[in-house]
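Each chain, letter by letter, is given below.
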Amino acid sequence: MIPFFMTMNDIAVSVITVTFNAKDCIQRTLDSVLMQTYAGVEHIIMDGASSDGTADIARRYRDAHPDRRIVVVSEPDKGLYDAMNKAMDIASGTYLCFLNAGDKLHSASSLEEVVGAAAGDGRHGLAGVVYGNTDIVDAEGVRLRARRLAPPEKLTSRSFGNGMLVCHQAFYVNKEICLPYDLNYRFSADFDWCIRVMEKAESKGMPLVYTRTVLADYLAEGMTTANHKASLVERFKIMVKHYGLVSTVLHHVWFVVRAVVRR
C-alpha cells in the first residue's frame, strides 16, 4: 500500500462509496473521484459481496491507478449502514464523506472547495462539518434540478427539525467527531447520524461551514427514495428523539401546510 500524504494544511479527505450490485452506475462515481484536482484523497469502496462484477470494476480502477490511495473491500455486510460503519473504521482522512454508487462529486474542484472551507482563515481551527448544495441527476448522470431542500446559511443541530436540509452526499464530517451509524434504523440512520455529529461538533466548539457551492450530484432513486414511507416513519421517530414530541408534531403540521400552499 502506498504512503498516504496529506496536503493543504495536512487535510485529507476519505471518500467512501458503498456498493452492492452496482456495475451499471459505479463507473461515473469512480471517475468523479479520480478527476479531483485535490491530491489528498483516499477512496474507499466498500462492496457488499456483489454478484454482478461491481467489485471487479472497483479492483480494476484501483489497479489502474497505483499512485492513488484506493481501498477496495468486498465482503458480506448487514446492510448499507453496517458497511458505512466498517468503512469509517478504516478511513484515514481528516474528513469523511459518503458518495454512493451512481452519485458524483459535482466538479473536479469539489474537494478543493471542501478543504478550503474546512481550513477557513486558520484562526479558528478546523470545521466540524463542511456542507454544500446538491443537484439531482437521472440514471445517465444528467442534471434534473437542484435539490428541493436547500441548506441554510447557518446550520445547527436543530436545523434538521425542518427536514434533512443537507444531502448526506454533501455533508463532510471531521473524523474527530465521527460516530457509528445506529443500525436500529434501516432507512434513515444517516438523518440521525448527521444530527448527532452536529451536536458533537457544537459541544466541541467546532464550526459548521457552508461552501455555498454544489458539492454533489445525487442519483434520484436512492435507497431512501425507494422506501419512502418506511423512511418517513423512521425520521419521525428520530426527530422525536432529538427534538421532542411537541416540536416534531408542530413541524409536521407545518410540512403539511407548506405542501398544500405549494399546490
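Reading guide: rules and limits
Residues numbered from 1 in each chain as written. Predicted model: local features only at pLDDT ≥ 70, side-chain atom pairs only at ≥ 80, totals over all residues. Heavy atoms only, no water. Disulfide = S-S within 2.5 Å. Salt bridge = Lys/Arg side-chain N within 4 Å of Asp/Glu carboxyl O. Helix = DSSP H or I, 4+ residues; strand = E, 2+ residues; numbered from the N terminus. Buried < 20%, exposed > 50% of the residue type's maximum accessible area, 1.4 Å probe, protein only. Axes fitted to C-alpha atoms, helices over the stretch in contact; angles between N-to-C directions. Parallel < 35°, antiparallel > 145°, perpendicular 65-115°, else oblique. Left-handed = near helix turned anticlockwise from the far one by under 90°. Contact = heavy atoms within 4.5 Å. Core = buried A, V, L, I, M, F, W, Y, C linked by side-chain atoms within 4.5 Å. Phe/Tyr/Trp six-rings, centres within 6.5 Å; stacked < 30°, edge-to-face > 60°. Lys NZ or Arg CZ within 6 Å of the ring centre and 35° of its normal.

Asks: Which parts of the structure should I look at to understand the state of the cysteines?
Replies: Working definition: the covalent bond between the sulfur atoms of two cysteines is a disulfide. Scanning all chains against the criterion turns up zero disulfides. We note that cysteine 194 lacks a disulfide partner, and the nearest cysteine sulfur, in cysteine 167, lies 9.0 Å from it.

Asks: What is the right way to read the pattern of salt bridges from this model?
Replies: A side chain with one charge can pair with a side chain of the opposite charge if their charged atoms come near. For the structure shown, the criterion picks out 10 salt bridges. For glutamate 75, the salt bridge goes to lysine 86, with nearest N and O atoms at 2.8 Å. One end of the pair, glutamate 75, is in the loop between β3 (69-74) and α3 (80-90); the other, lysine 86, is in helix α3, and 11 residues separate them in sequence. Owing to a relative accessible area of 32%, glutamate 75 belongs among the partly exposed residues under this scheme. Here arginine 143 makes a salt bridge to aspartate 135, at a shortest N to O gap of 2.9 Å. For aspartate 135, a relative accessible area of 6% translates into the label buried.

Asks: Looking at this structure, how should I read the packing of helix α1 (residues 26-34) against helix α2 (residues 54-64)?
Replies: The packing of two helices is summarised by the inter-axis angle and the distance between the axes. Direction vectors running N to C along α1 and α2 enclose 20 degrees, while the axes themselves pass 10 Å from each other. In terms of axis orientation, α1 runs roughly parallel to α2. Our pair here, α1 against α2, has a crossing hand that is right-handed. Two secondary-structure elements touch here, α1 through Ile26, Gln27, Leu30, Val33 and Leu34 and α2 through Thr54, Ile57, Ala58 and Tyr61.

Asks: Honestly, the nonpolar core in this entry has me stumped. Any pointers?
Replies: Generally speaking, soluble globular proteins have nonpolar side chains that are buried together. Among the nonpolar cores identified, the biggest contains 41 residues, and Phe160, Phe171 and Trp193 are the most heavily contacted of them. For this core, the element with the highest residue contribution is helix α5 (residues 189-203), accounting for eight residues. If we ignore the near neighbours within four places in the chain, the residues touching tryptophan 193 are Met88, Phe98, His168, Phe171, Val173, Cys178, Leu179, Pro180 and Tyr181.

Asks: How should I be thinking about the packing of aromatic side chains in this particular structure?
Replies: Two aromatic rings, taken as a pair, are described by how far apart their centres are and by the angle between their planes. Evaluated as defined, the whole model comprises seven aromatic pairs. Seen from their ring centres, phenylalanine 98 and tryptophan 193 are 5.8 Å apart, and the 85 degrees between their planes marks the pair as edge-to-face. A residue pair is termed long-range when its members are at least 10 positions apart, and phenylalanine 98 in strand β4 (residues 95-98) and tryptophan 193 in helix α5 qualify at 95 residues. Judged by relative accessible area, which is 0%, tryptophan 193 ranks as buried. Centroid distance phenylalanine 171 to tryptophan 193: 6.3 Å. Interplanar angle 65 degrees. Geometry classified as edge-to-face. With phenylalanine 171 in strand β8 (residues 171-174) and tryptophan 193 in helix α5, the pair connects residues that are 22 residues apart, well separated along the chain. A network of ring pairs unites the aromatic residues Tyr81, Phe98, Phe171, Tyr181 and Trp193 as a single cluster. The aromatic ring of phenylalanine 191 is capped on one face by arginine 235, whose charged end is 5.2 Å from the ring centroid.

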